[in-house]
Amino acid sequence: MALWRGSAYAGFLALAVGCVFLLEPQLPSSALRSLWSSLQLGPALPGPGSPERRLAAAWDALIVRPARRWRRVAVGVNACVDVVLSGVKLLQALGLNPGNGKDHSILHTKNDLEEAFGHFLGKGAAAERFFSDKDAFSDIAQIASEFPGAQVLLCGPVGPKLHELLDDNVFVPPESLQEVDEFHLILEYQVEEQWGQLTAPHANRFIFSHDLSNGAMNMLEVFVSSLEEFQPDLVVLSGLHMMEGQSKELQRKRLLEVVASISDIPAGVPIHLELASMTNRELMSSIVHQQVFPAVTSLGLNEQELLFLSQSASGPHSSLSSWNGVPDVGVVSDILFWILKEHGKSEIRASDLTRIHFHTLVYHILATVDGHWANQLAAVAAGARVAGTQACATETIDSSRVSLKAPREFLTSRSGAGARVTVNPDEPVVSWHREGVSFHFTPVLVCTDPVRTVGLGDAISAEGLFYSEVHPHH
């Protein structure tokens, strides 16, 4: 997870750290609000009358804080030290030669790393993989940590380096401390950057690690036991994807324990689960079916995770092998609808799931079961806005550095129940309903020269949660 700025960004560990912290939203410098703000750098003046400028202005008018705000937020349980650097330069330093690119569900060798990195660079897609060879990973990590220009970010088990980087506003239970850090290597690449014959269509990142502590979710019980004293009004969880590095037997056993621990979280406290890149369909299917989804209130995920979820659980459009360019809005909408109708809260189903925040490069969708959430129009707009400011490292949208690439017209469903809608930059949030589920769509102003690609999904989900309001009686 990325450490963005000052005290706040040590805090958004949020989606990652096995610790809890206090939110006092009345204070401008509070950890969560600063955390969910963008970097404080001066933007250029936007171009007059452009669609980008009109859309940004419309967002600003739409984004209002909810009447009831989160005061105490508990966040766990995946923490690490991220080393961020150029993927191409690291592979060159390792003496690896460009190939044609090939995906690997688990990396066993440096050649596997080169092939997987090339595969995803060629697609411009984000991915995360487990590196099975501890010694080989340690050698690569040592080279990466000493690499010129490498940046150390925070992304749980808290080792000495991670603890040193944390702000005082982040409380870490003593039981979360351990003697060594877990390192994740973040290989970034820029738009049109080349690796051999492969060219990146988008800026993005490839993550890999040999992380056994987070993979076993060692701090989950410590995290949950801390909640009784902390008394949060929102819980944010992540890290289930890290279990892919464990054996199948341990995955099954630990997943049952995860469900039991989640069930110990006090009733009435909303739980947001942030998903991440996975390759194990059996594990994903278990997450969907073995009571994890019904136990959480909200989900955050991107297009890769959404399609993989549908493929793993035999959902709609699961015959698609991959997205072809920009994910079709109607297809995305169908899968989101299926998740909430099949696994979400209803009169006949004991489930708490009522909200999904979907994000892809050029647009976002918030889908909610009617009657449970408020201020979602502002929430989806805020999430899209922060994607542009975080990527460009600006305080506000700089229209000279962003581009409107979302479809201007689309079908809201591919099942035959869809309507054709047109996006207007002056009214950038499009809403529709389908059998008790509300959808809010907004374009993203895509940064044309991104400064960072790490942590954008976390920033999007965090900002969306910050502006969301759950109805107290639910």
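Before reading on, note that the structure itself is shown above.
Here the structure is a predicted model, which means the values were calculated and not measured.

*Asks:* Pulling in residues and values, what's your account of the overall build of the protein?
*Replies:* For the protein, the count of helices and strands is 16 helices and 24 strands. The proportion of buried residues among the 474 residues of the protein is 61%.

*Asks:* Tell me about the packing of helix α9 (residues 220–230) against helix α10 (residues 248–263), and please be specific about residues and values.
*Replies:* Contact geometry for α9 and α10: axes closest at 10 Å, N-to-C directions at 5°. By the criterion of interaxial angle, the relationship of α9 to α10 is roughly parallel. On α10, the residues touching L220, E221 and V224 of α9 are R254, E257, V258 and S261. Class assignment for the residues of the contact of α9 with α10 results in three nonpolar, one polar and three charged.

*Asks:* Can you lay out the packing of aromatic side chains for me, pointing to particular residues and giving the numbers?
*Replies:* Counting across every chain of the model gives 13 aromatic pairs. Each ring, one from F117 and one from Y189, has its centre 5.8 Å from the other, and the planes form 85°; the classification is edge-to-face. Residues F117 and Y189 agree in their burial class; the two are buried. Every member of this aromatic cluster is reached through a ring pair, and the members are F117, F120, F131, F137, Y189, F206 and F208. For the cation-ring pair, R72 lies above F230, with the distance from its terminal atom to the ring centre recorded as 4.4 Å. In this arrangement the basic side chain of R434 is found over the ring face of F337, its NZ or CZ atom lying 4.0 Å from the centre.

*Asks:* Give a detailed account of the side chain of S351, specifying residues and quantitative values.
*Replies:* Its location among the elements puts S351 in the loop between α14 (329–343) and β15 (355–359). For S351, a relative accessible area of 3% corresponds to the buried category. From its side chain, S351 meets the backbone nitrogen of L353 in a polar contact 3.2 Å long.

*Asks:* Explain α10 to me, using residue names and the numbers behind them.
*Replies:* Counted at 1.5 Å a residue, the expected span for α10 with its 16 residues is 22 Å, and the 23 Å between its end C-alpha atoms agrees. Within the sequence span of α10, burial applies to Q251, R254, L255, V258, V259, S261 and I262. For α10, the angular spread of the buried residues around the axis is 160°, confining them to a single face. Facing away from the buried side of α10 by more than 90 degrees, the exposed set consists of E249, L256 and S263.

*Asks:* I'd love a proper account of α14, names of residues and values included.
*Replies:* Residues spaced three or four apart along an α-helix point in a common direction, a consequence of the helix completing one turn every 3.6 residues. With 15 residues, α14 extends 21 Å between its outermost C-alpha atoms, agreeing within 8% with the 21 Å of an ideal straight helix rising 1.5 Å per residue. With respect to burial, α14 is a largely interior element, 13 of its 15 residues being buried. The backbone nitrogen of G330 lies 2.9 Å from a side-chain oxygen of the residue at the head of α14, namely D328.

*Asks:* Kindly report on empty space enclosed by the protein, identifying the contributing residues and their values.
*Replies:* For the largest cavity, the calculated volume is near 80 Å³. Lining the largest cavity, in full, are E128, R129, F130, S209, H241, M242, E244, G245 and S277. The element best represented in the lining of the largest cavity is strand β5 (residues 127–131), accounting for three residues.

*Asks:* Report on the pattern of salt bridges, specifying residues and quantitative values.
*Replies:* Under the criterion given, the structure shown has eleven salt bridges. For the salt bridge of E257 with K253, the shortest nitrogen-to-oxygen distance reads 2.8 Å. Taken together, the residues E257 and K253, both in helix α10 and four residues apart, mark about one turn of the helix. In this structure E257 comes out as partly exposed when scored by relative accessible area, which is 28%. One salt bridge connects R414 with D328, and the closest N-O pair in it is separated by 2.8 Å. Of this pair, R414 sits in the loop between β19 (409–411) and β20 (420–422) while D328 sits in the loop between α13 (303–312) and α14; the two residues are 86 residues apart in sequence, bridging distant segments of the chain. A network of salt bridges, in which partner residues are shared, links K248, R252 and E282.

*Asks:* Can you break down the state of the cysteines residue by residue, with the values?
*Replies:* One pass over the full model with this rule turns up one disulfide. At a sulfur-sulfur separation of 2.0 Å, the disulfide partner of C392 is C447. Classification of the bridge connecting C392 and C447 rests on its S-S torsion, roughly 115°, and on that basis the disulfide is right-handed. A residue pair is termed long-range when its members are at least 10 positions apart, and C392 in helix α15 (residues 376–392) and C447 in strand β23 (residues 445–447) qualify at 55 residues.

*Asks:* Tell me about the environment of L256, and please be specific about residues and values.
*Replies:* Note that L256 resides in helix α10. The class of L256 is exposed, set by a relative accessible area of 55%.

*Asks:* Account for the packing of α10 against helix α11 (residues 281–289), naming residues and giving values.
*Replies:* At a minimum axis distance of 11 Å, the contact between α10 and α11 shows a crossing angle of 10°. Taken as axis vectors, α10 and α11 run roughly parallel relative to one another. Here α10 contributes K248, Q251, R252 and L255 to the contact with α11, which in turn contributes E282, L283, S286 and I287. Here the residues of the contact of α10 with α11 sort into three nonpolar, two polar and three charged.

*Asks:* Please give an account of unusual backbone geometry that cites residues and values.
*Replies:* In the Ramachandran plot, Q231 falls in the positive-phi region, its phi being about 55° despite a non-glycine side chain. Locating Q231 in the fold gives a position in the loop between α9 and β12 (234–238). The class of Q231 is exposed, set by a relative accessible area of 60%.

About the thresholds
- Residues numbered from 1 in each chain as written.
- Predicted model: local features only at pLDDT ≥ 70, side-chain atom pairs only at ≥ 80, totals over all residues.
- Heavy atoms only, no water.
- Helix = DSSP H or I, 4+ residues; strand = E, 2+ residues; numbered from the N terminus.
- Buried < 20%, exposed > 50% of the residue type's maximum accessible area, 1.4 Å probe, protein only.
- Axes fitted to C-alpha atoms, helices over the stretch in contact; angles between N-to-C directions.
- Parallel < 35°, antiparallel > 145°, perpendicular 65-115°, else oblique.
- Contact = heavy atoms within 4.5 Å.
- Nonpolar A, V, L, I, M, F, W, Y, C, P; charged D, E, K, R; others polar.
- Phe/Tyr/Trp six-rings, centres within 6.5 Å; stacked < 30°, edge-to-face > 60°.
- Lys NZ or Arg CZ within 6 Å of the ring centre and 35° of its normal.
- Polar contact = N/O pair within 3.5 Å; in protein donor to acceptor, adjacent residues only side chain to side chain.
- Expected span 1.5 Å × (residues − 1).
- Arc of directions from axis to C-beta.
- 1 Å grid on protein atoms, 1.4 Å probe; cavity = no way out; pocket = protein on both sides within 12 Å on 5 of 7 lines; lining within 4 Å.
- Points joined across faces, edges and corners; volume = space filled by probe spheres on them.
- Salt bridge = Lys/Arg side-chain N within 4 Å of Asp/Glu carboxyl O.
- Disulfide = S-S within 2.5 Å.

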